[in-house]
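# Residue-level structural notes
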Amino acid sequence: GLALLPLAVSPAAAPGGCPSACYCVATPELVQCRYERLEEPPRELPATVHNLSIAGSNLSVLHRAAFAARPLPDLRLLRLRHDNIQIIEDMALQGLPALRTLDLSHNPLLSVAAGAFAGVPLLRTLQLNQALLAAPLEEQLALALRNLSLRRLELAGNALRALPAALLPAGLEELDLRNNSLQRLTAAELRSLEAPGLRGLRLTLGANPLSCDCALRPFLAWLRVTAARLPDARNLHCAGPPPLRGATLLHLRPEGLACAATEGGEPGQLETASYVFFGIVLALIGIVFLMVLYLNRRGIKRWLHNLREACRDQMEGYHYRYEQDADPRRASAIGTP
């Protein structure tokens, strides 16, 4: 166990020397360069390095053959987190033939060349957590990943609103979509997960604002059948609507999810818009009615006066006939032969 403790190695002890801005750890060979504000990867690296971590620097652009100053045939893991990487050029990873894991998380990526990952045929894990927030890169990444045989792809914390189907190469085994903006997986997205090359794919979807309305029914039905493909299925909860907020998805039934809007609209938005429109129409009708009354107030007054006089004349006529019928002299005259 003591052999695994971080023991700093002097430059003379490491083959090729340890960069002055970094420190090296033996068994296995590890180089860490943390918050040294490097503007390019260090050129003097031990030839036997297995793991290289550069964090908190200002690499900005990964140029072509950025790590090829000295061959690193044994480098298997490369972490470039929080390095302000914005552009990755073609063949940027040339000279790293054994690389299996690349971590580019927490970088404001703006451009990824189609050949950015060329030269790393053994790359199996790509971590892009909080790296796709600065620009829409799905099309660029799809081209850059087309010749790779990835097994794990991490896209957590990227505010994704839909399944990035274009980034899912055949043979992918793990996809991390935690902490995004997914409200549901649509029926079309679920069909893409049933493609022959993705039927073994495992998803993690925790910390997404899932909306538990009728639009979630296809995903919920799929989840109940294939829960084994979601390791965090028991931790998925509803973010809305309010009556179901916090409810566990696996405790719900698809037929029990109510529709908050008509088909094709965002839940709740279309219904709210309908009520607002209906209220506006009623208000306009009321305003028009009041304006008509105001503009015709004299005519309406005259009409009411005439109506009142007509009613009075009618009532006086009824009253006169009643008095005539009730006169006893008229009754006796009618009864005498």
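Residues numbered from 1 in each chain as written. Predicted model: local features only at pLDDT ≥ 70, side-chain atom pairs only at ≥ 80, totals over all residues. Heavy atoms only, no water.

### Comments concerning the overall build of the protein
Broken down by element type, the protein carries six helices and 14 strands. Across the 337 residues of the protein, 37% fall into the buried class. When the accessible surface of the protein is summed, it comes to about 19,300 Å², and 58% of that surface belongs to carbon and sulfur atoms. (Helix = DSSP H or I, 4+ residues; strand = E, 2+ residues; numbered from the N terminus. Buried < 20%, exposed > 50% of the residue type's maximum accessible area, 1.4 Å probe, protein only. Areas by Shrake-Rupley, 256 points an atom, 1.4 Å probe, with all protein chains shown as cover.)

### Let's talk about the environment of Asn235
Residue position: Asn235 is located in the loop between helix H3 (217–225) and strand S14 (238–240). Taking the C-alpha atoms as reference, Asn235 lies 8.7 Å from Ala207; in sequence the two are 28 residues apart.

### Considering the sheet that holds strand S8 (residues 111–112)
Strand order in the open sheet formed by three strands is S4-S6-S8, and the pairing between neighbours is parallel. One side of each edge strand has no neighbouring strand; the edge strands of this open sheet are strand S4 (61–62) and S8. Alignment of strand S6 (residues 87–88) against S8, held across two bridges, turns out to be parallel. Bridge pairing in S8 places Ile87 opposite Ser111. (Pairing = 2+ DSSP bridges.)

### What to know about a nonpolar patch on the surface
Taken together, the side chains of Val276, Ile280, Leu284, Ile287 and Met291 define a hydrophobic patch exposed on the protein surface, amounting to about 470 Å² of accessible area. Structurally, the position occupied by Leu284 is in helix H4 (residues 269–295). (Patch = residues over 30% accessible without salt bridge, like charges linked within 9 Å, V, L, I, M, F, W, Y side chains within 5 Å. Salt bridge = Lys/Arg side-chain N within 4 Å of Asp/Glu carboxyl O.)

### Details of the sheet that holds strand S2 (residues 30–34)
Pairing is mixed across the open sheet formed by nine strands, whose spatial order is S1-S2-S3-S5-S7-S9-S10-S11-S12. Looking along the sheet, the strands with just one partner apiece sit at the ends: strand S1 (23–25) and strand S12 (202–204). The average undirected angle you get between the axes of adjacent strands in this sheet is 10°. (Axes fitted to C-alpha atoms, helices over the stretch in contact; angles between N-to-C directions.)

### Concerning the state of the cysteines
Applying the stated criterion across every chain yields a total of four disulfides. Covalently, Cys22 is tied to Cys33 through a disulfide, its sulfur atoms 1.8 Å apart. Since a negative S-S torsion denotes a left-handed disulfide, the Cys22-Cys33 link at about 95° is right-handed. With Cys22 in the segment before S1 and Cys33 in strand S2, this pair connects stretches of sequence that are eleven residues apart. For the pair formed by Cys22 and Cys33, the shared burial category is buried. (Disulfide = S-S within 2.5 Å.)

### Overview of the nonpolar core
Phe67, Leu78, Phe117, Leu175, Phe219 and Leu249 are the most contacted members of the largest nonpolar core, which has 74 residues in total. Contributions of two or more residues to this core are made by S2, strand S3 (51–55), strand S5 (77–81), helix H1 (138–144), helix H2 (187–193) and H3. Phe117 has contacts with Leu93, Leu102, Leu104, Val112, Leu126, Leu141, Ala144, Leu145 and Leu148, leaving out every residue within four places of it along the chain. (Core = buried A, V, L, I, M, F, W, Y, C linked by side-chain atoms within 4.5 Å. Contact = heavy atoms within 4.5 Å.)

### With respect to H3
Among the residues of H3, those classed as buried are Phe219, Leu220, Trp222 and Leu223. The buried residues of H3 all sit within an arc of 165° when viewed along its axis, so they share a single face. Contacts made by the buried residues of H3 are with H2 and S12. (Arc of directions from axis to C-beta.)

### Focus on the pattern of salt bridges
Under the counting rule described, the total for this entry stands at nine salt bridges. Notably, a salt bridge pairs Arg81 with Asp103, separated by 2.8 Å at the nearest N-O pair. With Arg81 in strand S5 and Asp103 in strand S7 (residues 101–103), the pair connects residues that are 22 residues apart, well separated along the chain. Between Glu154 and Arg152 there is a salt bridge whose closest N-O contact spans 2.8 Å.

### A look at the side chain of Ser57
Relative to the helices and strands, Ser57 resides in the loop between S3 and S4. On the basis of relative accessibility, which here comes to 2%, the residue Ser57 falls in the buried class. Among the polar contacts listed, one links the side chain of Ser57 to the backbone nitrogen of Leu38, at a separation of 3.2 Å. Discounting residues that sit within four places of it in the chain, Ser57 has contacts with Glu36, Arg37, Leu38, His82, Asp83 and Asn84. (Polar contact = N/O pair within 3.5 Å; in protein donor to acceptor, adjacent residues only side chain to side chain.)

### Looking at the side chain of Arg124
Its place among the elements puts Arg124 in the loop between S8 and strand S9 (125–127). The charged side chain of Arg124 is buried without a salt bridge, its nearest counter-charge being Glu173 at 8.4 Å. In this structure the side chain of Arg124 is engaged in a polar contact, spanning 3.1 Å, whose partner is the backbone oxygen of Pro121. With sequence-adjacent residues up to four places away left out, Arg124 is seen in contact with Arg100, Ser149, Leu150, Arg151 and Arg152. (Lys, Arg positive; Asp, Glu negative; His and termini not counted.)

### Points about unusual backbone geometry
Cis rather than trans, the peptide bond between Gly240 and Pro241 has omega equal to -5°. Tracing the sequence through the fold places Pro241 in the loop between S14 and H4. In this structure, His106 takes a positive phi of about 60° despite not being glycine. Phi is positive for Ala207, close to 65°, though the residue is something other than glycine. Secondary-structure assignment places Ala207 in the loop between S12 and strand S13 (210–211). By relative accessible area, which is 60% here, Ala207 ends up exposed.

### Thoughts on the pairing of S3
The buried fraction of S3 is high, at four of five residues. Sheet topology places S2 next to S3; five bridges connect them, and they run parallel. Note on S3: the bridge partner recorded for Leu30 is Asn51. Pairing of S3 with S5, which is carried by five bridges, proceeds in the parallel orientation. If you follow Leu52 over to S5, its bridge partner there is Leu78.

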